[in-house]
Amino acid sequence: MKSLPYFCRGEVVRGFGRGSKELGIPTANFPDSVVDNLPADICTGIYYGWACVGTGDVHRMVMSIGWNPYYKNTKKSMETHIIHTYKEDFYGEVLSVVVVGYVRPEKSFDSLDSLIAAINNDIEEAKRRLDLPEHNKLREDNFFRTSANQIMNGH
Ligand code: ADP
Ligand code: RBF
Ligand code: MG
C-alpha cells in the first residue's frame, strides 16, 4: 500500500452505540468526510499506528476500516481504539492518527467472544510492532505537534 504511512485527523463523532466500551474496547469514530477521503489503495481491514487526542500524548492504536462483517454494517467506518486508559470520553475533540501498517482483513465471527479475542490479539500484535525502534520516528512526527496545536488555536 503506497499510501502508508497515512496521516489524517478529524472530530470524534458518535458511532454505532453498540457498547464497545463495555467490552473494554471503545473505538473513537471518524466522520464520513474523513472516511470518504481515504486513498483507494488503503483497503478495508485492521491496521495499527499512532494516535493523539487534541494536543495530548501520542499513544499506540489499532484501527478497523470497513463494514464490520460481524455486524453487517452498510456504512464504511474508521474506528480507532487507542491503547491507553482515558479518564473521560472525548467526543467532539480532534483525533490525529498516523496509520502505519496492516494487520489482517476484516472477518465475521461465530460469536462476540471470538470477535473480542481477535481484537485483543490485534492489540498485542500492534504493541509488538510499534515497540520496534523503526516506528519511533513517526510517533515523534511534527504532524502530532504543530498541526494539532494550530487546529486547537483555531488557525
Ligand atoms: P461509539 O459507538 O459512540 O463510538 P464506543 O463504545 O465505541 O461508542 O466508545 C467510543 C468513545 O469512547 C470514544 O468516542 C471516546 O470518546 C471514548 N474513549 C475512551 N477511551 C478510549 C480509547 N482508549 N480509545 C478510543 N476511544 C475511547
Ligand atoms: N468488526 C468485524 O466485524 N470484524 C472484524 O474482524 C473486526 N476487527 C476489529 C479489529 C479492531 C482492532 C477493532 C478496534 C475493531 C474491529 N471490528 C471488527 C469492529 C468491531 O466490530 C466494533 O468496534 C464493535 O463495535 C466492537 O464491539
Ligand atoms: Mg466506536
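Data block above holds the structure.
Here we summarise the structure given alongside this text. (Residues numbered from 1 in each chain as written. Chains lettered and ligands numbered in written order. Predicted model: local features only at pLDDT ≥ 70, side-chain atom pairs only at ≥ 80, totals over all residues. Heavy atoms only, no water.)

## A short note on the nonpolar core
The cut-off we apply is this: Among buried residues, those of type Ala, Val, Leu, Ile, Met, Phe, Trp, Tyr and Cys that are joined through side-chain atoms within 4.5 Å constitute a nonpolar core. Throughout, exposure labels follow a simple rule: accessible area from a 1.4 Å probe, protein chains only, divided by the maximum for the residue type, with under 20% read as buried, over 50% as exposed, and the rest as partly exposed. Helix and strand assignments come from DSSP, with helices taken as H or I runs of at least 4 residues and strands as E runs of at least 2, each series counted from the N terminus. In what follows, a contact means two residues having at least one pair of non-hydrogen atoms within 4.5 Å.
Counting 21 residues, the largest nonpolar core has Phe30, Met63, Met78, Leu95 and Val97 as its most contacted members. Of all the secondary-structure elements, those providing two or more residues to this core are strand E1 (6-11), helix H1 (32-36), strand E3 (45-53), strand E4 (59-66), strand E5 (77-82) and strand E6 (94-104). Those residues within four positions of Val97 in sequence are excluded, and the remaining contacts are Tyr6, Phe7, Cys8, Phe30, Trp50, Ala51, Met61, Met63, Thr80, Phe143 and Phe144. Val58, Val62, Ile83 and Val98 belong to the second largest nonpolar core, which has 16 residues in total.

## Section: the coordination of the magnesium ion (ligand 3)
Put simply, the rule is: Coordination partners: N, O, S within 2.8 Å of the metal, 3.2 Å for Na, K and Ca; water not considered, so apparent gaps in a site are possible.
For the magnesium ion (ligand 3), the full set of protein donor atoms is Thr27 (O), Thr27 (OG1) and Asn29 (OD1), at a range of 2.2 to 2.3 Å. In this structure Thr27 comes out as partly exposed when scored by relative accessible area, which is 25%.

## Brief notes about the site of ligand 1
The following threshold applies: Nearness here has a simple test: a residue counts as near a molecule or strand if at least one of its heavy atoms is within 4 Å of that partner. Under this definition, polar contacts are N or O atom pairs within 3.5 Å; protein pairs additionally need one hydrogen-donor-capable and one acceptor-capable atom, and for neighbouring residues in sequence, both atoms have to be side-chain atoms. The accessible surface values rely on the Shrake-Rupley method and a 1.4 Å probe; as for residues, cover is taken only from the protein chains in view. With a 1 Å grid spanning the protein atoms alone, the term cavity applies to any set of points in which a 1.4 Å probe fits but cannot get out, the term pocket to an open set with protein on both sides within 12 Å along at least five of seven lines, and the term lining residue to any residue with an atom within 4 Å of a point. Assignment to a cavity or pocket requires that more than half of a molecule's atoms be within 2 Å of the site's grid points. Three classes are used, and their members are as follows: Ala, Val, Leu, Ile, Met, Phe, Trp, Tyr, Cys and Pro are nonpolar, Asp, Glu, Lys and Arg are charged, and the others, Gly among them, are polar.
The local shell around ligand 1 holds 19 residues, among which Gly15, Gly17, Asn29, Phe90 and Tyr91 are the closest. Note that an oxygen atom of ligand 1 is positioned 2.8 Å from one of the backbone N or O atoms of Gly15. The contact in question runs from a nitrogen atom of ligand 1 to an N or O atom on the backbone of His84, over 3.0 Å. When ligand 1 sits alone it has 570 Å² of accessible area, and the protein chains cover 95% of it. Given that more than half its atoms are within 2 Å of the pocket grid, ligand 1 belongs to the largest pocket. Contributing elements (two or more residues each) for the shell around ligand 1: strand E2 (28-29) and E5. The element that contributes the greatest number of residues to the shell around ligand 1 is E5, accounting for three residues. Each residue belonging to the shell around ligand 1 can be placed in one class, and the counts come to eight nonpolar, eight polar and three charged.

## A closer look at the layout of surface pockets
Picture a little ball the size of a water molecule; that probe, rolled over the atoms, points out where space is still empty. Under the convention used in this document: Grid points are joined across faces, edges and corners, and a volume is the space filled by probe spheres set on the points.
There is about 1,000 Å³ of room inside the largest pocket. If you go around the largest pocket, you meet 45 residues; those closest to its centre are Ser20, Ile25, Pro26, Thr27 and Glu79. With five residues, the single largest contributor to the lining of the largest pocket is helix H2 (residues 112-130). Tallied by class, the residues present in the lining of the largest pocket amount to 22 nonpolar, 12 polar and 11 charged.

## With respect to the pattern of salt bridges
Stated formally: Salt bridges are counted wherever a side-chain nitrogen of Lys or Arg sits within 4 Å of a carboxyl oxygen of Asp or Glu.
On inspection of all chains with the given rule, the structure shows seven salt bridges. A salt bridge links Lys21 to Asp89, with the nearest nitrogen and oxygen atoms 2.9 Å apart. Note that Lys21 is positioned in the loop between E1 and E2 and Asp89 in the loop between E5 and E6, a separation of 68 residues in sequence. You can call Lys21 partly exposed: its relative accessible area is 41%. For Asp89, a relative accessible area of 48% puts it in the partly exposed group. Note that Glu124 is salt-bridged to Lys127, the shortest N-O span being 3.5 Å. With Glu124 and Lys127 both in helix H2 and three residues apart, this pair spans about one turn of that helix. Judged by relative accessible area, Lys127 falls into the partly exposed class, the value being 25%.

Everything listed here is a matter of geometry and, on its own, says nothing about what the molecule does.
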